[in-house]
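Next come the chains, spelled out residue by residue.
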Amino acid sequence: MKLRYFSHSAFQITTDDGQRILIDPFLDGNPTSPVKAADVEADFILLTHGHGDHLGDTLSIATRCNSLCICENELANYIVSKGVRAHNMHIGGSHEFGFGRVKLTQALHGSTTPDSECHGSATGILLYIQNRIIYHMGDTGLFSDLKLIGEMNRVNLMLAPIGDNFTMGIEDAVKACEFVKPDMVIPIHYNTFPVIETDPALFKQKVEQQGGSCQVLAYGQEITL
Ligand code: NI
Ligand code: MN
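We now turn to the structure provided with this report. Here the structure is a predicted model, which is why all the values come from computation and not from measurement.

### Looking at the coordination of the manganese ion (ligand 2)
1) Next: All of the protein donors around the manganese ion (ligand 2) are D53 (OD), H54 (NE2), D139 (OD) and H189 (NE2); their distances to the metal are 2.1 to 2.2 Å.
2) Next: Sequence spacing among the residues donating to the manganese ion (ligand 2) works out to D-H-x84-D-x49-H.
3) Next: In this structure the nickel ion (ligand 1) is found 3.1 Å away from the manganese ion (ligand 2), and D139 serves as a bridging donor for the pair. Of this pair, D53 sits in helix α1 (residues 52-55) while D139 sits in the loop between β10 (132-136) and α4 (146-152), placing them 86 residues apart in sequence.

### Things to note about helix α2 (residues 58-65)
1) Next: The set of residues buried in α2 consists of T58, I61, A62 and C65. Projection of α2 onto a plane perpendicular to its axis shows the buried side chains occupying an angular sector of 95°, all on one side.
2) Next: Following α2 by one or two positions, N66 adopts a phi angle in the positive range, close to 55°.

### Notes on the coordination of the nickel ion (ligand 1)
1) Next: For the nickel ion (ligand 1), the protein coordination sphere consists of H49 (NE2), H51 (ND1), H109 (NE2) and D139 (OD), at 2.2 to 2.3 Å.
2) Next: The exposure class assigned to D139 is buried, which follows from its relative accessible area of 1%.

### Here we look at the nonpolar core
1) Next: Core analysis: the largest hydrophobic core is formed by 51 residues, its most contacted members being F99, V102, L127, Y135, M158 and F203.
2) Next: With seven residues, helix α5 (residues 170-180) is the single largest residue contributor to this core.
3) Next: Residues contacting F203, with those up to four places away along its chain left out, are I162, I170, A173, V174, C177, V185, P187 and C214.
4) Next: In this structure, L27, A37, I61 and C69 belong to the second largest nonpolar core, which totals 23 residues.

### Overview of unusual backbone geometry
Only a minority of non-glycine residues have a phi that is not negative, and only a minority of peptide bonds are not trans.
1) Next: Residues other than glycine seldom take positive phi values, yet N131 does so here, at roughly 65°.
2) Next: By the secondary structure assignment, N131 is in the loop between β9 (123-129) and β10.
3) Next: According to the relative accessible area criterion, N131 is exposed, its value standing at 80%.
4) Next: Phi at K181 is positive, roughly 55°, even though this residue is not glycine.
5) Next: Assignment of secondary structure puts K181 in the loop between α5 and β12 (184-188).
6) Next: Using a relative accessible area of 60% as the deciding quantity, one classes K181 as exposed.

### Considering the sheet that holds strand β5 (residues 68-72)
1) Next: Taken in spatial order, the seven strands make up an open sheet running β6-β5-β4-β3-β2-β1-β13, and their pairing is mixed. Of all the strands in the sheet, the pair left with one neighbour each is β6 (85-89) and β13 (222-224). This sheet shows a mean twist of 20° between the axes of neighbouring strands, independent of strand direction.
2) Next: Pairing of strand β4 (residues 44-46) with β5, which is carried by three bridges, proceeds in the parallel orientation. Counted as the bridge partner of L46 is I70 from β5.
3) Next: The sheet contacts of α2 involve β3 (20-23), β4 and β5, and relative to β4 the element is tilted by about 160°.

### Things to note about the sheet that holds strand β11 (residues 157-161)
1) Next: Across the sheet, six strands lie side by side as β7-β8-β9-β10-β11-β12; this open sheet has mixed pairing. Either end of the sheet is taken by a strand with one partner, and the two such strands are β7 (94-97) and β12. Direction aside, the axes of adjacent strands within the sheet are offset by 20° on average.
2) Next: Two strands pair when backbone bridges link them, and β9 and β10 are joined in this way by five bridges, in the antiparallel orientation.

### Digging into the packing of aromatic side chains
1) Next: Counted by the stated rule, this structure contains six aromatic pairs.
2) Next: By the ring-pair criterion, three or more aromatic residues cluster together here, those being Y5, F11 and Y219.

Each value, and the rule that gives it
Residues numbered from 1 in each chain as written. Chains lettered and ligands numbered in written order. Predicted model: local features only at pLDDT ≥ 70, side-chain atom pairs only at ≥ 80, totals over all residues. Heavy atoms only, no water. Donors = N, O, S within 2.8 Å, 3.2 Å for Na, K, Ca; no water. Helix = DSSP H or I, 4+ residues; strand = E, 2+ residues; numbered from the N terminus. Buried < 20%, exposed > 50% of the residue type's maximum accessible area, 1.4 Å probe, protein only. Arc of directions from axis to C-beta. Core = buried A, V, L, I, M, F, W, Y, C linked by side-chain atoms within 4.5 Å. Contact = heavy atoms within 4.5 Å. Pairing = 2+ DSSP bridges. Axes fitted to C-alpha atoms, helices over the stretch in contact; angles between N-to-C directions. Phe/Tyr/Trp six-rings, centres within 6.5 Å; stacked < 30°, edge-to-face > 60°.

Below is the structure:
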């Protein structure tokens, strides 16, 4: 499968059989995204929470592409109220979809939508696709149950926020890697705005110092998993 990074927390996964999955598609309002909402196609849109920098352009993309949105229950109800298809889940639950299995994890964060109409729970997302496990942490602070997630899942790729202020900073994200033990970590949620500016090279250095592996992706870069 292919994984493309649009900056911030936004990714596109394309499976070998051509299914297109967007995660947290914050594109038009994102000063660092190399693509606009009108440029992307999605069969599925996975959301970690309702904040504007994650919900992003979900409604316009899902309306145009008839995408199925997959997220936590309250946010799913909100999305359906806007006329878009959604599959309701909640933390701890998993479900098999056409492309693979999705499990929602806890995340220490809020989830209010930009219009304050929805106040659900923020989540992380475990993705089981083509014998790989990808863990998108969403927005979260550090929590010790990450050890349990690592114990129960051989995580091949972890997408970890490092920008501080709203989420983990570098030091806590390095500790998260120690807890989960992913084969590889990609830093996310940094340098989009001045308040979350940080140095991903420093994060990479610290991860490697403790024996881990880290890849810093350029905006728009695509890798094969
Ligand atoms: Ni957030
Ligand atoms: Mn955020």
